[in-house]
Amino acid sequence: MTQSRRNAPLSPATRAAQALRHIDPVTGSVTPAIDLSSTFARDADYAPRQRYIYGRDGGPTVEHAEAVIADLDGAARTLLFASGMAAIAAMLETLRAGDHVAAPRVMYHGGQTWLHRVAERRGIEVTFYDQADPEGPKAALRAGQSRILWIETPANPNWDIVDIEAAAKAAHDAGALLFADCTAAPPCTLQALRLGADVAFHSATKYMGGHSDLTAGALSLAVDGDLAAELRQVRSLMGSVIAAFEAWLLIRGLRTLFLRWEKASSNAMAIAHAMVGHPNVAQVLYPGLPDHPGHAIARAQMQGGFGGMLSLMVTGDGSIARDVARFTEVFIPATSLGGVESLIEHRKAVEGPYSIVPPQLLRLSVGIEDAADLIADLTQALERAG
Ligand SMILES: *Cc1c(COP(=O)(O)O)cnc(C)c1O
């Protein structure tokens, strides 16, 4: 009898766990080595031995991390940067004077600050639109002039959900690219490129790294064409490539992405249900709850779970919310998101007086701890504060 072999394609979770089945051909090592070299020797014909020349263009460890993310995203090419902001800056560097960008009114504040800077100094026009309004992107776009439609889904800190297929259609009808900030929905749950986005952006500092020990940004491109080549050149000239050690940490983090996401999602769902109806909680904002306005679209396009990001609207004028963030003993009061440890943040206090985030809002990044410990912690802090 012939031995039957499995011939079904491997699932993304399997490929990620094995870092694309990495086995060192010489040593048999199952963990990739870190290649720290900043320069690469040429051969006897004075040609590069492989494609590596100089570390500012990337190197073997960087390319390995890029390959793992490209595989998850279904991308023709992924480029890694030293931080999410470095990737955003490179993307905006491709704009020319007179170009128009449609971007969300409520989006990652660093990206918005950079967009304002570029607009003022380079003659780029920007229209900010409301992501909660399904007609928002279409109304903001200018046919022929718009270069980028920027979306963020789920979007900080209300976790508004954008219908990526509809946004892609609106962008392409106007001749623009769809740029999707998918930091809060990594490719274990959402593949924006498969839904029509041209560029999927991730702050890999967050879920992809997953351990709050690196900063990195990824641009995954649907097409390996002129834009990819320009971004590669910009990255090289700006010197904003990810370092080899961070790329290695990122590969390590990506191996547990699916597992971490699953646990963070089930913890967040348990917390959301436990907080609904708490006397000190006026509203729970979580796309996994059926009454969230984006729930139906989130369920359709986030097929691996809703993740660990949720916000609580606490009763009172904001002072109770701020006290809750001071009184938790398991949730750590810190910014950032997507790590194994749970974080709590009073965004209004962090963003300052110009912030449009309501003072009653608390943002939670739920980690992989025991759900009962997290719920008990929030409950005691809400009781002590209220
Ligand atoms: C953190 C974050 C960024 C910026 O990424 P850095 O890695 O901090 O530079 C961009 N967008 C979103 C949604 C983020 O949460």
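Rules used in this analysis
Chains are numbered independently. Their residues run from 1 in the order of the written sequence. Restriction of local features to residues with pLDDT of at least 70 applies here, the model being predicted, together with a cutoff of 80 or more for giving and counting side-chain atom pairs; totals for whole chains, interfaces and linings are based on all residues. The side-chain values count all of the structure's non-hydrogen atoms but skip hydrogen atoms and water molecules. One side-chain nitrogen of Lys or Arg within 4 Å of one carboxyl oxygen of Asp or Glu is enough to make a salt bridge. The helix count covers DSSP runs of H or I at least four residues long, the strand count covers runs of E at least two residues long, and both are numbered beginning at the N terminus. Under the scheme applied here, a residue whose accessible area is under 20% of the maximum for its type counts as buried, over 50% as exposed, and between as partly exposed, the area being computed with a 1.4 Å probe on protein chains only. Two strands pair under a simple rule: DSSP has to find at least two bridges between them. The contact criterion used is simple: two residues touch if any of their non-hydrogen atoms lie within 4.5 Å. Throughout, an axis means a line fitted to C-alpha atoms (over the contacting stretch in the case of helices), and angles, computed between N-to-C directions, take values from 0 to 180 degrees. Consider each residue's heavy atoms; a residue with any of them within 4 Å of a molecule or strand counts as near. Under this definition, polar contacts are N or O atom pairs within 3.5 Å; protein pairs additionally need one hydrogen-donor-capable and one acceptor-capable atom, and for neighbouring residues in sequence, both atoms have to be side-chain atoms. For the accessible areas, the method is Shrake-Rupley and the probe is 1.4 Å, while residue cover comes only from the protein chains on display. The span you would expect from a helix comes to 1.5 Å times its residue count less one.

In this section: the pattern of salt bridges. Tallying each qualifying case throughout the model produces eleven salt bridges. Here Glu-66 and Arg-235 are joined by a salt bridge, their closest N and O atoms 2.8 Å apart. Highlighted residues: Glu-66 in helix α2 (residues 60-73) and Arg-235 in helix α7 (residues 226-238), separated in sequence by 169 residues. For the residue pair Glu-66 and Arg-235, the accessibility class agrees, reading buried in each case. Between Lys-169 and Asp-173 there is a salt bridge, with its nearest N and O atoms 2.8 Å apart. Pair noted here: Lys-169 and Asp-173 are both in helix α6 (residues 164-173), with a separation of four residues, about one helical turn. Across the pair, Asp-173 and Lys-169 agree in class, each one exposed. Residues participating in the shared-partner salt-bridge network are Glu-345, Arg-347 and Arg-363.

Read across the open sheet, the five strands follow the order β8-β9-β12-β11-β10; overall the sheet is mixed. Both edges of this open sheet fall to β8 (281-285) and β10 (332-333), since each of them pairs with a single strand only. Bridge count for β10 against strand β11 (residues 343-345) is two bridges, and the pairing is parallel. In the sheet register, Pro-333 faces β11, and the bridge partner there is Ile-344. Helix α11 (residues 319-327) contacts β9 (309-314), β10, β11 and β12 (361-365) of the sheet and is inclined by roughly 30° relative to β12.

This brings us to the site of the ligand. Of all residues adjacent to the ligand, which total 14 residues, the nearest are Met-85, Asp-181, Ser-203, Thr-205 and Lys-206. Side-chain polar atom of Thr-205 to an oxygen atom of the ligand: 2.6 Å apart, as the coordinates give it. Between an oxygen atom of the ligand and a side-chain N or O atom of Lys-206, the distance comes to 2.8 Å. Coverage of the ligand by the protein chains reaches 90% of its 370 Å² of free accessible surface. Taken together, the elements giving at least two residues each to the shell around the ligand come down to α3 (84-93) and β6 (199-203).

The subject of this paragraph is helix α4 (residues 109-122). In this model α4 runs 20 Å from its N-terminal to its C-terminal C-alpha over 14 residues, within 8% of the 20 Å that 1.5 Å per residue would give. One or two positions beyond α4, positive phi appears at Gly-123, with a value near 70°.

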